[in-house]
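Chain by chain, the residues run as shown.
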There are 4 protein chains.
Amino acid sequence: MTAVRALPTVDQARQHLVSLHGELVRYNLVVWTAGNVSARAHDSSGHDVLVIKPSGIAYDELSAEAMIVCDLDGRVLEGSLAPSSDTAAHAYVYRHRRDVGGIVHTHSPYACAWAARREPIPCVLTAMADEFGGPIPVGPFAIIGDDAIGRGIVATLAGSRSPAVLMANHGVFTIGATATDAVKAAVMCEDAARSVHLARQLGEPVPIEPDDIDRLHDRYQHSYGQSAR
Amino acid sequence: MTAVRALPTVDQARQHLVSLHGELVRYNLVVWTAGNVSARAHDSSGHDVLVIKPSGIAYDELSAEAMIVCDLDGRVLEGSLAPSSDTAAHAYVYRHRRDVGGIVHTHSPYACAWAARREPIPCVLTAMADEFGGPIPVGPFAIIGDDAIGRGIVATLAGSRSPAVLMANHGVFTIGATATDAVKAAVMCEDAARSVHLARQLGEPVPIEPDDIDRLHDRYQHSYGQSAR
Amino acid sequence: MTAVRALPTVDQARQHLVSLHGELVRYNLVVWTAGNVSARAHDSSGHDVLVIKPSGIAYDELSAEAMIVCDLDGRVLEGSLAPSSDTAAHAYVYRHRRDVGGIVHTHSPYACAWAARREPIPCVLTAMADEFGGPIPVGPFAIIGDDAIGRGIVATLAGSRSPAVLMANHGVFTIGATATDAVKAAVMCEDAARSVHLARQLGEPVPIEPDDIDRLHDRYQHSYGQSAR
Amino acid sequence: MTAVRALPTVDQARQHLVSLHGELVRYNLVVWTAGNVSARAHDSSGHDVLVIKPSGIAYDELSAEAMIVCDLDGRVLEGSLAPSSDTAAHAYVYRHRRDVGGIVHTHSPYACAWAARREPIPCVLTAMADEFGGPIPVGPFAIIGDDAIGRGIVATLAGSRSPAVLMANHGVFTIGATATDAVKAAVMCEDAARSVHLARQLGEPVPIEPDDIDRLHDRYQHSYGQSAR
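Here the structure is a predicted model, which means the values were calculated and not measured.

Visitor: Before we go on, may I ask you to explain the interface of chain C and chain D in this structure?
Guide: Interface size, as often reported, equals the accessible area lost upon joining of the parts. On the side of chain D, 32 residues touch chain C, which itself brings 31 residues to the contact. Where chain C abuts chain D, roughly 2,800 Å² becomes buried across the two surfaces, and 62% of that area is made up of carbon and sulfur atoms. Where chain C touches chain D, the interface holds one salt bridge. The closest approach of N and O atoms between D60 of chain C and R26 of chain D, which form a salt bridge, is 2.6 Å. At the boundary of chain C with chain D, the tally comes to 13 residue pairs in polar contact (both at pLDDT 80 or more). Where the side of chain C that touches chain D is concerned, the elements lending two or more residues are α3 (109–117) and α6 (179–201) of chain C. Considering every element that reaches the side of chain C that touches chain D, the biggest residue donor is α3 of chain C, with seven residues. Of the residues in the side of chain C that touches chain D, the class split is 16 nonpolar, ten polar and five charged.

This is the structure we're talking about:
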């Protein structure tokens, strides 16, 4: 995440979050009402706000109108429903990482298995080198209710090229320059968690050399897709 | 489950059970005609009855009209089809747990794996602490045909905060203040059974301290979603 | 399978096989063009014939018209396409088991795992006792091309209450009084193969006593669903 | 792959690639924008070209028009988007294997698990003997950016009847006389990777004798489906 992108308006973010939450369902990263996506947006005065899913609402019932707009301290600015119970964690990350435009939280099952053992996912596949630039790290055990989760995310990701962190005994948080990038990281995190889990079940995966990880990560971040990032 | 809620009418329960059975299919908790959901309802005289799926009918063919209404001894009051073969177990639970408004039974695969070993699912994920308040317990081995299954469910759940019980070598029963709550518990039970299974395959999950489980459970039961319960 | 049922006409069987092949897809029992369902039917002269899927045709492209009608020696009577390459095995079973009205063949993955080890699936879940009345047995290794597969199916199932057999290093064959019953057995076989696989991954499942298996099987075969069989 | 087939036109290939990429999604072989299918086609002058997916485009957004046409050195001839980052590997294979009409690349999870351990998948199921004629081999570790991946694919498959190769720590490449055949091989490769993984988790699969593998492979390649190949 090197480039700063133009932030969406609140209305753009509301609309976009509907389809991005649909991606969490499509990739089986969430069950029932667990999990959430947020986006940083510009309000009509040009201030940064965050837009996030309401708490405990079924994915089928999410609409652009139902999304909640909060300031970066997590206080509700627009919306009749209570925001996600993870709003404080999202807000903490937005306050301390100016480069973050989107955040995702899931309890995706293979990633949770690594998180329950508090074990980082080793980088043994080229797709992991591409997206994560090394292992997917584990953050501290933190209880919901204050800034502990947000602090854990920021501190753990500060020492890593990974956009994903496994919070101990809890689940996954991912960050991105945009909300789409954060959703992509959540999808790739579960995919990596699964493939490496399967690899480890029948023996030891062969590590990838650090130099090769660097080359793969550099190339992917700068020349994959339709434009350099 | 602390609050008593207004019971649905029989017609409301019939309609609601159609969509709730659809959730069992969506989350891959059932195959073919196995599994069932029931709801406690008020009949036109204000008496408690239970509404349940007919036996051996395909999920695609379920309709509000096909649901069977029974008294709390499991005798059919309305319906031309035979009720679920698990009706006696549901009826026993409704008779002995006035706070239960809905019951679900599944043979969901990861939960069945724990049930076949007669091993409780340890509470090693915050989502388990939230929903179950501790491990998911194992009930006795009981053969269908009398009150043995119902007694096993009630006795096992009496000593637990969990709304789910793994009946030995059989499957899952969940309870809730409403049928929706019981379906949610069945979904979360399989999700926990799977994540903890995966965690255990490659080592030992780190336990969550009992005090932290208490704090998580208390917070989730009282402040998650759109209203305190 | 105790009762003889009225056989479908060829046209009824053609139509029915379209939806039954759809069940194989829905339950992820098959990939690409592998797998097949057949039904015994009465032709216009009242003779027994078998109706089966054509070979190597995509599931999406199956229609009633595309199904192939063969005599019980496997010779094509109606149809412009080649019949399933497993037709000889189906024909052998229909010739030697008058009580069989439908047959299913799949390479469903968990069942194939047991088949590759040539290991019967032990009866450790009540749903297995209900449907299979004991373990799911393993048949011999047999190469396609003569009656070896058919002989192996018939010989193995002769000593079992199970409607499913795991053919060594190959896959699953199931039989039923109707094609629907055979499809149900294929669905339940994969479900059992998966749950018992998962149970065994983390320890030893507790066996169910033979007397209890008998009671469960007897009850399920005679009083589950909407009519005694 | 013994018969040379008539090549599609560029327009036929563009259209066909849309539905074939849909098969990768349907069989869960890819996530997000990873994976790709290409086809060899004849341009209007009768020269061989390759048609391939653009880089980093969502599967839902693929259209015939969006596909990229390249010469067999991987240079773009038609298309406004950048071609798949794997284009050089595809081009290398087309240049060195005149019999190849289609190529698929995926990171399907069970196959990736074997690839991460650099372990061939042993041939212990008749369906593997049919499609692969033996074990699925492992190719070298190669970094994207030059001909290393293409060389590894061609060298590894030269010593094998398998149309699939597991590239070390990376993923799957499959070849076929047509793009459909290559997609089929990718589907069957993941299916085999999964079933043999499951078999190995609880013990050792029984091998199939080399003579039986030969007989199965020969029969399947020449008499399965609706025409000899």
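Now, onward.
Visitor: Would you mind showing me how to read the interface of chain D and chain A here?
Guide: In this complex, chain D contributes 30 residues to the contact, which on the side of chain A involves 32 residues. Between chain D and chain A, a total of about 2,800 Å² is buried, with carbon and sulfur atoms accounting for 62% of that surface. Joining chain D to chain A, the criterion identifies one salt bridge. Put simply, chain D and chain A have 13 residue pairs in polar contact (both at pLDDT 80 or more) between them. Elements supplying a minimum of two residues to the side of chain D that touches chain A: α3 (109–117) and α6 (179–201) of chain D. A per-element tally of the side of chain D that touches chain A places α3 of chain D first, with seven residues. Considered class by class, the residues forming the side of chain D that touches chain A number 16 nonpolar, ten polar and four charged.

Visitor: Can you help me understand the relation of the copies chain D and chain A in this one?
Guide: Two chain copies, one operation linking them: a rotation about an axis together with a shift along it. Each copy of the sequence occupies a distinct position, and chain D is placed on chain A by a rotation of 90° and an axial shift of 0.0 Å, giving an RMSD of 0.0 Å. When the rotation and shift are considered jointly, the pair of chain copies conforms to a four-fold rotation axis. Distance from the rotation axis, computed per C-alpha, reaches its smallest value in chain D at Q201 of chain D: 5.3 Å. In this assembly, only 3% of the residues forming the interface of chain D have copies in chain A that are likewise at the interface, indicating a heterologous arrangement.

Visitor: Would you mind showing me how to read the environment of L62 of chain B here?
Guide: Residues and elements named next belong to chain B. Within the secondary structure, L62 is located in the loop between β2 (48–52) and β3 (68–70). On the basis of relative accessibility, which here comes to 10%, the residue L62 falls in the buried class. Linking L62 and S19, residues 43 residues apart in sequence, is a C-alpha distance of 9.5 Å. In contact with L62, other than residues within four places in its own chain, are V18, H21, K53, P54, I57 and M67.

Visitor: Quick question: what am I supposed to make of the pattern of salt bridges here?
Guide: Where charged atoms from two side chains of opposite charge approach closely, those side chains can pair. With the rule as written, the count across this model stands at 68 salt bridges over all chains. A salt bridge links D48 of chain B to R40 of chain B, with the nearest nitrogen and oxygen atoms 2.7 Å apart. For D48 of chain B, a relative accessible area of 18% puts it in the buried group. Notably, a salt bridge pairs R161 of chain C with D214 of chain C, separated by 2.8 Å at the nearest N-O pair. With a gap of 53 residues between them, R161 of chain C in the loop between α5 (148–158) and β7 (164–167) and D214 of chain C in helix α7 (residues 210–223) connect regions that are remote in the sequence. Taken together, the salt bridges that share partners define one network made up of D71, D73, R75, R95 and D147 of chain A.

Visitor: Can you walk me through unusual backbone geometry in this structure?
Guide: Of all residues except glycine, most have a negative phi; of all peptide bonds, most are trans. Backbone geometry places N28 of chain A, a non-glycine residue, at a positive phi of 55°. With respect to the helices and strands, the residue N28 of chain A is situated in the loop between α1 (10–26) and β1 (36–42). One non-glycine residue, W32 of chain C, adopts positive backbone phi at about 50°. If you trace the backbone, W32 of chain C turns up in the loop between α1 (10–26) and β1 (36–42). Relative accessible area serves as the criterion here: at 16%, W32 of chain C is assigned to the buried category.

Visitor: I tried to follow the sheet that holds strand β7 (residues 164–167) of chain D on my own but got confused; where do I start?
Guide: Note on sheets: strands pair through backbone hydrogen bonds, and any given pair is parallel or antiparallel. All names here are of chain D. Here we have eight strands laid out as an open sheet, ordered β4-β3-β2-β1-β5-β8-β7-β6, and mixed in their pairing. Of all the strands in the sheet, just β4 (76–78) and β6 (138–139) have a single pairing partner and so form its edges. Summarising the sheet, strand β1 (residues 36–42) and strand β2 (residues 48–52) pair through five bridges and their orientation is antiparallel. Following the sheet pairing, R40 is matched in β2 by L50. Those strands touched by helix α2 (residues 87–96) are β1, β2, β3 (68–70), β5 (102–106) and β8 (171–176), and its axis lies near 150° from that of β2. Those strands touched by α3 are β7 and β8, and its axis lies near 55° from that of β7.

Visitor: Would you mind showing me how to read the relation of the copies chain C and chain D here?
Guide: When chain C is fitted to chain D, the best match, at an RMSD of 0.0 Å, comes from turning it 90° and sliding it 0.0 Å along the axis. Little of the interface of chain C is mirrored in chain D, where only 3% of its interface residues again form contacts.

Visitor: Help me understand the packing of aromatic side chains in this model?
Guide: In this description, an aromatic ring pair is defined by two values, namely the gap between the centres and the angle between the planes. If you walk through the whole model with that rule in mind, you get eight aromatic pairs over all chains. Looking at R117 of chain B, its charged tip hangs above the ring of W114 of chain B, at a distance of 4.9 Å from the centre.

Visitor: Please clarify how the packing of α3 of chain C against α6 of chain C should be interpreted in this entry.
Guide: In a packed pair of helices, the relevant descriptors are the angle between the two axes and the axis-to-axis distance. Residues and elements named next belong to chain C. At their nearest, the axes of α3 and α6 sit 7 Å apart, and the two run at 65° to each other. In terms of orientation, α3 and α6 fall into the roughly perpendicular class. Seen from above, α3 lies across α6 with left-handed handedness. The segment α3 lies against α6, with P109, Y110, A111 and W114 engaging C189, E190, A193, R194, V196, H197 and R200. Here the residues of the contact of α3 with α6 are counted per class, giving seven nonpolar, one polar and three charged.

Visitor: I tried to follow the pairing of β1 of chain C on my own but got confused; where do I start?
Guide: For a regular strand, side chains alternate in direction, first toward one face of the sheet and then toward the other. Residue and element names in this part refer to chain C. Most of β1 sits inside the fold, with six of its seven residues counted as buried. Both β1 and strand β5 (residues 102–106) contribute to a ladder of four bridges, which runs antiparallel. Bridged to N36 within β5 is H105. The hairpin turn running from β1 into strand β2 (residues 48–52), its antiparallel successor, is five residues long, and G46 in that turn takes a positive phi close to 85°.

Visitor: Is there a simple way to think about the environment of L125 of chain A in this case?
Guide: Topologically, L125 of chain A is positioned in the loop between α3 (109–117) and α4 (126–132). Sequence separation between L125 of chain A and V31 of chain A is 94 residues, and the spatial gap between their C-alpha atoms is 27 Å. Beyond its immediate sequence surroundings of up to four residues, L125 of chain A is in contact with S195, V196 and I208 of chain A together with C112, A116, N169 and H170 of chain D.

Visitor: What should I look at first to understand the side chain of H105 of chain C in this one?
Guide: All names here are of chain C. Take H105: it is sitting in strand β5. When its relative accessible area of 1% is taken as the criterion, H105 is described as buried. Within polar-contact distance, the side chain of H105 engages the backbone oxygen of V172 at 2.8 Å. Setting aside anything within four residues of it in sequence, one finds H105 in contact with G35, N36, D86, H90, H170, V172 and F173.

Visitor: How do you make sense of helix α1 (residues 10–26) of chain D when you look at a structure like this?
Guide: Side chains that are three or four residues apart share a direction in an α-helix, a result of its 3.6 residues per turn. Residues and elements named next belong to chain D. End to end, α1 covers 25 Å across 17 residues, agreeing with the expected 24 Å (1.5 Å per residue, within 8%). Its axis deflected by about 25° at L17, α1 carries its strongest bend there. Residues V10, A13, R14, L17, L20, H21, E23 and L24 constitute the buried set of α1. Structurally, α1 contributes buried residues whose contacts are with β1, β2, β3, β4, β5 and α6. N28 occupies a position one or two residues after α1 and carries a positive phi of about 55°.

What counts and how
- Residues numbered from 1 in each chain as written.
- Chains lettered and ligands numbered in written order.
- Predicted model: local features only at pLDDT ≥ 70, side-chain atom pairs only at ≥ 80, totals over all residues.
- Heavy atoms only, no water.
- Contact = heavy atoms within 4.5 Å.
- Buried area = accessible area lost by both parts, 1.4 Å probe.
- Salt bridge = Lys/Arg side-chain N within 4 Å of Asp/Glu carboxyl O.
- Polar contact = N/O pair within 3.5 Å; in protein donor to acceptor, adjacent residues only side chain to side chain.
- Helix = DSSP H or I, 4+ residues; strand = E, 2+ residues; numbered from the N terminus.
- Nonpolar A, V, L, I, M, F, W, Y, C, P; charged D, E, K, R; others polar.
- Least-squares fit on C-alpha atoms with pLDDT ≥ 70 in both.
- Buried < 20%, exposed > 50% of the residue type's maximum accessible area, 1.4 Å probe, protein only.
- Pairing = 2+ DSSP bridges.
- Axes fitted to C-alpha atoms, helices over the stretch in contact; angles between N-to-C directions.
- Phe/Tyr/Trp six-rings, centres within 6.5 Å; stacked < 30°, edge-to-face > 60°.
- Lys NZ or Arg CZ within 6 Å of the ring centre and 35° of its normal.
- Parallel < 35°, antiparallel > 145°, perpendicular 65-115°, else oblique.
- Left-handed = near helix turned anticlockwise from the far one by under 90°.
- Expected span 1.5 Å × (residues − 1).
- Bend = angle between axes of the 7 residues up to and from the residue.

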